[in-house]
2 protein chains.
Amino acid sequence: MAGKRVTIRDVAISAGVSYQTVSRALNDKPEIDATTKERVLDAARELGFRPSRFARALVRQDTTSVGLVIPDLLNPFFTEVASAALEAARKRGWHVVVYDTAGDGEQELGTLEVIGSQVDAIVGYLNAPADVVARYTGGIPVVYIGRESAGASFGSIRVDGEAGIHAAVAHLVAGGRCRIGMLDHEHAAPSARSRWYLDALRSHGLSGWVLGAGQSVEGGEIGVAALLDAHPDLDGLLTYNDVIAIGAVRRARMLGRRVPQDCAVIGFDGVQIGSLVEPPLSTVRIDTRQLGALAVEQVATLLAGATPEVTTITGTLVLRGTA
Amino acid sequence: MAGKRVTIRDVAISAGVSYQTVSRALNDKPEIDATTKERVLDAARELGFRPSRFARALVRQDTTSVGLVIPDLLNPFFTEVASAALEAARKRGWHVVVYDTAGDGEQELGTLEVIGSQVDAIVGYLNAPADVVARYTGGIPVVYIGRESAGASFGSIRVDGEAGIHAAVAHLVAGGRCRIGMLDHEHAAPSARSRWYLDALRSHGLSGWVLGAGQSVEGGEIGVAALLDAHPDLDGLLTYNDVIAIGAVRRARMLGRRVPQDCAVIGFDGVQIGSLVEPPLSTVRIDTRQLGALAVEQVATLLAGATPEVTTITGTLVLRGTA
DNA sequence: ACCGGTCACGTGACCGGTCACGGAGAGTGT
DNA sequence: ACACTCTCCGTGACCGGTCACGTGACCGGT
């Protein structure tokens, strides 16, 4: 039992034929006698033979698998993207290997290195700069999700929230609010979303405050507490994503703010659970299913040898309960 | 550009060495001159050479990848399990290929067939009976999640919610409730959870009603509407999972029931978002991280040749807002 | 009895790498 | 100048399959 792998030749000698015949039997090739085929199949079953996927894939180079790299599968936005990508990949008969980097830059690079020799292409929400990624992945097609500057050598799905965020700010201002803050992500460089926010404020003659927050409910709770501490009269809040917004709404209410009356909140992403919390979250919605599908589509074009392109997906303001 | 794949031998002739030397250079083997190595690496880079993962894996049979089959990645319970499994697999250096069967039995079998020749083991929340699964997977190790009867030839993580559901019913009864319904899943066979529910009711001298519901928020909404229609004086509700419960709470409130005053609701799974909805969902909590970790662990033991076992993970009642 | 045509099966090459050898050339000691 | 090591690199086999051929048995037709 501890023994070696049972190969096609073991089956062959057990059935008293050549290994080529075994291959024929297993692959439903026509040029084989029915009884022989039966005998071979029996032998294979008896020995518990399983063809090596590597050997098989080596010769007929068909199986493609793409690596999906995301920072946090527990963030519903990424879950939705992953789900959509999975579905799109299934339609093409591709396999999707999922990697969760836990938002950790080091793990991201480690993942890219491992993955680079294990998949045919990579789709991911990557933080590392393009040249670093290129070095780690060794030249396989890469499609970025949600980055502004993708670099010329990669495919990219750009998330354009400019119009959505401008609309969001305009809505808040129209509601008479003028002390509007933002909880951004925590990375060194401020996000494009925060720039859009500042732009929008400026166009209304306002200024605001941007504070970094962890990308989790708890991060939103901590962030909003800090923001309210510094600016107790905050009457509007935008967030980097919905998860942060949900945390922010919770904590704001615990701190005695009525949402949306005292302080309106608008998230970003448009995840499903946003509509389940109380009050339902207003947000700039991204079509995650389309996003996932587009990413897979780009992989397909890159794999076919096309030059990388940038597809843009646009967020739209969805007003529910919190604003 | 449209040409063939660039192999190790192309690199070899380009660098003016034998292909063995190329292999040495790429794998950081010691027996190679530094300058030669550099030259080879340059040539490889120039040609855009990428080693074939299949050829490599074929000879040193180390890379293991497990297939994770789940019915619906958008259901947060499965997301949490997947996340935990991903993390556990990463620790072992395994790759995880994720498949979403969309709760469809046909797709499940199709997936198993494809996957069977693409991964070394399967972990999954499978519906098909054991013998069918065995036929489709062709004998590779399989670990079931959340099934009562696993069959002797598979590993299995059993979800034991008996104590939790009994506690849930006891709590409802202690609160003076005696018209307690349940929204089960929709499959042909009633779930173990519904049996536990009926058992628990019986032990209190009560009887109840079980209704199948789709495993989604919407399913819960529809289900509770039907249940309230048939039994307007329903004062307690258990559900197959939290997602259904969330839908049930929403619709129940829309139908004028106060939760928990008029009708208490207790879900199952203990997903994170349960604590974010309003009111926070009471539930029978399963430790999803442990579940995922245990599944991977079982795969490891099966891969090592051990005989399949059954591990049990026990749910505990968590009382929050809805009961 | 001879011949061409199927049918069933075996032989050899190949997919793209890795590994165990063996051998050439340079460097040492005497 | 000799043998002897050591370093560096090439040759051959192999991993476990698939595919393009080649070959022998069997068939009916003349």
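Residues numbered from 1 in each chain as written. Chains lettered and ligands numbered in written order. Predicted model: local features only at pLDDT ≥ 70, side-chain atom pairs only at ≥ 80, totals over all residues. Heavy atoms only, no water.

**Quick notes on the sheet that holds strand 8 (residues 236-239) of chain B**
All names here are of chain B. As summarised here, the arrangement of the six strands in space is 7-6-8-9-10-12, forming an open sheet in which the pairing is mixed. At either end of the open sheet lies a strand with only one pairing partner, and these are strand 7 (209-212) and strand 12 (316-318). Between one strand axis and the next, the sheet turns by 20 degrees as a mean value, whatever way the strands run. Here strand 8 pairs with strand 9 (residues 264-269) via three bridges, running parallel. Bridge pairing in strand 9 places L237 opposite V265. Of the strands in this sheet, strand 6 (180-184), strand 7, strand 8 and strand 9 touch helix 9 (residues 192-203), which is tilted by about 170 degrees from strand 6. The sheet strands contacting helix 11 (residues 242-254) are strand 6, strand 8, strand 9 and strand 10 (282-285), and the helix crosses strand 9 at an angle near 155 degrees. (Pairing = 2+ DSSP bridges. Helix = DSSP H or I, 4+ residues; strand = E, 2+ residues; numbered from the N terminus. Axes fitted to C-alpha atoms, helices over the stretch in contact; angles between N-to-C directions. Contact = heavy atoms within 4.5 Å.)

**A short note on the protein's contact with DNA strand D**
The environment of DNA strand D is formed by 30 residues, the closest being A:S23, A:K29, B:T21, B:D33 and B:T36. Looking at DNA strand D alone, sugar and phosphate atoms form 54% of those within 4 Å of the protein. One of the side-chain N or O atoms of A:N27 is found 3.0 Å from a phosphate oxygen in DNA strand D. Contact distances for DNA strand D include 2.7 Å between a phosphate oxygen and a backbone N or O atom of B:D33. Where the surface near DNA strand D is concerned, the elements lending two or more residues are helix 1 (8-15), helix 2 (19-26) and helix 4 (53-59) of chain A together with helix 2 (19-26) and helix 4 (53-59) of chain B. Looking at the surface near DNA strand D, its residues break down into twelve nonpolar, ten polar and eight charged. (Near = heavy atom within 4 Å. Polar contact = N/O pair within 3.5 Å; in protein donor to acceptor, adjacent residues only side chain to side chain. Nonpolar A, V, L, I, M, F, W, Y, C, P; charged D, E, K, R; others polar.)

**Regarding the packing of helix 6 (residues 105-116) of chain B against helix 7 (residues 130-137) of chain B**
All names here are of chain B. Contact geometry for helix 6 and helix 7: axes closest at 8 Å, N-to-C directions at 40 degrees. Comparing the axis directions of helix 6 and helix 7 gives the class oblique. When helix 6 is examined against helix 7, the residues L109, L112, E113 and G116 are found in contact with a partner set consisting of V132, V133, Y136 and T137. A class-by-class count of the residues in the contact of helix 6 with helix 7 yields five nonpolar, two polar and one charged. (Parallel < 35°, antiparallel > 145°, perpendicular 65-115°, else oblique.)

**Some thoughts on the interface of chain B and chain A**
At the interface, 46 residues of chain B touch 46 residues of chain A. Buried surface at the junction of chain B and chain A, both sides included, amounts to about 4000 Å², of which 60% is carbon and sulfur. It is B:R50, B:R53 and B:L276 in chain B that bury the most area against chain A; as a group they hold 18% of the surface buried on that side. The interface formed by chain B and chain A contains two salt bridges. A salt bridge links B:D120 to A:R53, with the shortest nitrogen-to-oxygen separation between them at 2.6 Å. The interface formed by chain B and chain A holds 20 residue pairs in polar contact (both at pLDDT 80 or more) in total. Among the secondary structure elements, those contributing two or more residues to the side of chain B that touches chain A are helix 4, helix 5 (76-92), strand 2 (95-100), helix 6 and helix 11 of chain B. The class makeup of the residues in the side of chain B that touches chain A is 20 nonpolar, 17 polar and nine charged. (Buried area = accessible area lost by both parts, 1.4 Å probe. Salt bridge = Lys/Arg side-chain N within 4 Å of Asp/Glu carboxyl O.)

**Some remarks on the nonpolar core**
Counting 141 residues, the largest nonpolar core has A:L237, A:L238, B:L237 and B:L238 as its most contacted members. In contact with A:L238, not counting residues within four places along its chain, are A:I165, A:V169, A:L172, A:I180, A:G181, A:M182, A:L183, A:Y197 and A:I266. Membership of the second largest hydrophobic core comes to 32 residues, among which are A:V69, A:V133, B:L112 and B:I122. (Core = buried A, V, L, I, M, F, W, Y, C linked by side-chain atoms within 4.5 Å. Buried < 20%, exposed > 50% of the residue type's maximum accessible area, 1.4 Å probe, protein only.)

**Brief notes about the relation of the copies chain B and chain A**
One copy of the chain maps onto the second through a rotation about an axis and a displacement along it. Each copy superposes on the other: chain B lies on chain A with an RMSD of 0.1 Å after a rotation of 180 degrees and an axial shift of 0.0 Å. One copy is carried onto the other by what is essentially a two-fold rotation axis. (Least-squares fit on C-alpha atoms with pLDDT ≥ 70 in both.)

**Some words on the domain arrangement of chain A**
If you check the domain split of chain A, you get domain 1 (8-59), domain 2 (65-160 + 288-314) and domain 3 (162-285). When each unit is reduced to the centre of its C-alpha atoms, the spacing between domain 1 of chain A and domain 3 of chain A is 63 Å. (Domains from an automatic or database assignment.)

**Thoughts on the packing of aromatic side chains**
Tallying each qualifying case throughout the model produces six aromatic pairs over all chains. Considering the side-chain rings of B:F78 and B:Y125, the 4.8 Å spacing of their centres and the 70 degrees angle between planes classify their relative orientation as edge-to-face. Of this pair, B:F78 sits in helix 5 while B:Y125 sits in the loop between strand 3 (121-124) and helix 7; the two residues are 47 residues apart in sequence, bridging distant segments of the chain. Of the residues examined, B:F78 reaches a relative accessible area of 4% and is grouped as buried. On the basis of relative accessibility, which here comes to 11%, the residue B:Y125 falls in the buried class. Where B:Y144 meets B:F154, the ring centres are 5.3 Å apart and the plane angle is 85 degrees; that geometry is what we call edge-to-face. In this pair, B:Y144 is assigned in strand 4 (residues 142-145) and B:F154 in the loop between strand 4 and strand 5 (155-160), connecting sequence segments ten residues apart. In textbook terms, an aromatic cluster arises when at least three aromatic residues are bridged by ring pairs, as seen for A:F77, A:F78 and A:Y125. Above the face of the B:Y19 ring, B:R9 is positioned so that its terminal group lies 4.2 Å from the ring centre. Stacked on the ring of B:W94, the Lys or Arg B:R92 has its end atom at 5.4 Å from the ring centre. (Phe/Tyr/Trp six-rings, centres within 6.5 Å; stacked < 30°, edge-to-face > 60°. Lys NZ or Arg CZ within 6 Å of the ring centre and 35° of its normal.)

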